[in-house]
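Analysis of the macromolecular model
The residues making up each chain are set out below.
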Amino acid sequence: MLTWAIPTYTPDYPGYGASPALVANVSVSVMLFMACLSLVRIGLALYMKKPIPAEESEFPEDMEEDSGFTQVGRVNLHHLALFMVPCVLLVVAIDYIGYVPAAFAFLMILQFAIGSRKWIQSTVVAVVLVAVLYVVMRYGFGVPIPGPQLF
Amino acid sequence: MDMIIAGLLDSIAPASLMFVFIGVAVGVLIGAIPGINGPMAIALFIPVTYYMSPLTAIGFLVGLNKGAFFGGAVSAVLLRTPGTPEAAATSWDGYPLTQQGKGEKALRMALYSSVAGDFISTVVLIVIAAPLAAVALFMGPPEIFALISLALTVIAGIGTSSICRGLMAAGFGILVGLIGTEPVTALPRLTFDIYQLGSGLSLIPVAIGLLAFSEIILQLEKFTSKLGGQHAANVFSSNREDRLLSFKEFFSNIKTLLRGSMIGIGVGAMPGLGAPVASFMSYDQAMKRSKKKEEFGKGSLEGIGASESANSAVVGASLIPLFVLGIPGNLAVAMLMGAFMIHGMQPGPLMFQENAQLMYGIYGSLVIASLFLLLIGRFGLRFFCKAVDIPALILYPIVVFTCIMGAYLGKSSMFDVSVMLVFGFIGYFMRKFDFSYVAFLIGFILAPEWERALQQVVIISEHDTFMFFQRPVAMTLMGLTFFVIVRTFWKGIKDGKVKQVEAAAAAAGQHKGD
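Residues numbered from 1 in each chain as written. Chains lettered and ligands numbered in written order. Predicted model: local features only at pLDDT ≥ 70, side-chain atom pairs only at ≥ 80, totals over all residues.

Below, the discussion takes up unusual backbone geometry. Residues and elements named next belong to chain B. One non-glycine residue, Ala186, lies in the positive phi region at around 60°. Mapping Ala186 onto the fold places it in the loop between strand E1 (180–181) and strand E2 (188–189). Non-glycine residue Asp193 carries a positive phi angle of around 60°. (Helix = DSSP H or I, 4+ residues; strand = E, 2+ residues; numbered from the N terminus.)

What follows is the structure, encoded as structure tokens:
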């Protein structure tokens, strides 16, 4: 960020005020400094053969207590892919086949992915949800429905 | 005086009343569902408020927030699964009462305590916000810059065990907040030649992605690991005494409620602490001062009252720093700040001058929301109890699809849906690796204001870096910022040492045992 993104995608200093890159550089520097500090703490702990400070642990679920708002735990990439892929496909498909079929297919796939095997219930949920949001968007808020329209 | 009357009349207009009512009802319903909390609800519903007048929109969102605070108690009492983090202490006494068949009594106590705490804090907000804002008007760009720096530092500690991670998250939030048009040169910055980024990232897709979408990914992860699936215990006893809360039972705890409300107001008025802190602090004080200490944790109405009055008192009080200084003290208020900005208002002391009528309208809506909460809670309790039993297989697809279409609704743009997915993905990893998404969001929201204040300081002072030393308030605030950072690091190191000693002692003990 400091050597490529910020210099390349930030306007030149206009000659007055603070540089447009100043706050961006400061925020990235803070991130870099804090990351280095964490690494130093972990490195020191390893060097002195002491346990890694709990708050600097790579996976803080190793800590005994939960830290409040966050739900820490190991990353489940399979679950993440199972969930994100249909969402990305929806965004792509909606432009080609339109809102109604894309959203219906998305909801059916999503329900299957999370373990629903009751086809009638899944179909009812998908149809009702797609229809309700269609009506709310089109007639309630007057928002254009995304993608090509079938009707 | 005319402004006050006009504002209050606006707040009792039919449309305004209707949306405050809907906001409270939806808030209670959403808060009752485990895993969905107030800030999430606000993020999901902000796009809907695009189509409302500013007063109706803010009234609706404030009602939603107030409702969600009480709603969190429903699942806490019935399932021992707090719908919101601040309801955790409520579950300690609420659930044992449910097991005794007194769930309805516990919920009534939670409701009346919530309404009491909320009402008291709203009154305090109304009384002190305007005079404090008048004082805050004397603050110039150096003070504002120093104040935002302090707020970011304090808030960096929320939602994470490590201040390093908190500051990294806040830094990342600021960086993302800088994307868009640079204010001095009016040229694009950090847009990577993507034209949709020219006007910056909208709060709505970022907030929905970070708050709601990533949370749902995690909830689904737990659900598919077969960890979910609780059902409510016996809530409604046929015995009248077990169901109803008598005047005597309520008023015997009035001291606890007042103390809880005061704790909630104090905690809420300070940026960075939040409702869970108020709730636990009040519960702790109530237990220490109670004549029936032994009942705590086994079904004490006093414990429920202490927790609920304190966490609900935070709702009104947390608006004090927003209205007085333009600083959001917690996530829900940060979302409300975003809503204000979407409707063309910059929260802060100037609001009392520029939008006085609206401010009094909001005050009116806050009081009305408290009354609606009482009515809706009183007559809809049984209905809201059903919310905790909504099957996850139906609920989660609804929430996911609402997130996606909510992100679209703001600007009618599929690009915003992509942004929401990206931030959902980032939010998932932030939660997994204990990076504070609260600090990120507040950094993201405050970044433009922080940079604007900095630019003003640099231009006014003509690059004189000693300007802060000529402004005692700004210097004090910068000193406090420095103190907070040093203190937090020092505390982290000290706590780390204590944990290491404890771990070594435990290991030694285990070795002896072997």
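So much for the structure itself; the text now carries on.
Looking now at the confidence of the model for chain B. Low pLDDT means the predicted atomic positions in that stretch should not be read closely. Of all residues in chain B, 90% attain a pLDDT of 70 or more, and the chain-wide mean is 83. Across the whole predicted complex the pTM is 0.81, and at the interface the ipTM reaches 0.87. (pLDDT = per-residue confidence, 0-100.)

What follows covers the nonpolar core. Formed by 205 residues in total, the largest nonpolar core has its most connected members in Ile208, Cys403 and Leu441 of chain B. Element by element, the count of residues in this core is highest for helix H4 (residues 54–79) of chain B, at 16 residues. The residue makeup of this core includes at least three contributed by each of domain 1 (5–62) and domain 2 (77–140) of chain A. Each residue touching Leu441 of chain B, except ones within four places of it in the same chain, is listed here: Gly173, Ala207, Leu210, Leu331 and Ala334 of chain B. (Core = buried A, V, L, I, M, F, W, Y, C linked by C-beta atoms within 7 Å. Buried ≥ 20, exposed ≤ 12 C-beta atoms within 10 Å, placed from the backbone. Domains from an automatic or database assignment. Contact = placed C-beta atoms within 7 Å.)

This part is about the interface of chain B and chain A. Taken together, the 61 residues of chain B in the interface contact 60 residues of chain A. Among the elements of the structure, helix H8 (163–177), helix H9 (203–224), helix H19 (392–411), helix H20 (414–432), helix H21 (437–461) and helix H22 (472–513) of chain B are those that each provide at least two residues to the side of chain B that touches chain A. The biggest single contributor to the side of chain B that touches chain A is H19 of chain B, with 11 residues. Classifying every residue of the side of chain B that touches chain A by side-chain character gives 39 nonpolar, 14 polar and eight charged. (Nonpolar A, V, L, I, M, F, W, Y, C, P; charged D, E, K, R; others polar.)

Next up on the list: the environment of Val315 of chain B. Residue and element names in this part refer to chain B. Residue position: Val315 is located in helix H14 (residues 301–317). The exposure class assigned to Val315 is buried, which follows from the 31 C-beta atoms found within 10 Å. In this structure the C-alpha to C-alpha distance between Val315 and Gly268, which are 47 residues apart in sequence, comes to 7.1 Å. Other than its neighbours up to four places away in sequence, Val315 contacts Asn65, Lys66, Phe69, Asp118 and Ser121.

Residue and element names in this part refer to chain B. Closest axis-to-axis distance for the helix H16 (residues 331–342)/H21 pair is 10 Å, and the angle between their directions is 25°. When the interaxial angle is binned, H16 and H21 end up roughly parallel. You can see that H16 and H21 cross each other, and the crossing is left-handed. Along the contact surface, H16 presents Leu331, Ala334, Met337 and Gly338, while H21 presents Val438, Leu441, Ile442 and Ile445. Of the residues in the contact of H16 with H21, the class split is seven nonpolar, one polar and no charged. (Axes fitted to C-alpha atoms, helices over the stretch in contact; angles between N-to-C directions. Parallel < 35°, antiparallel > 145°, perpendicular 65-115°, else oblique. Left-handed = near helix turned anticlockwise from the far one by under 90°.)

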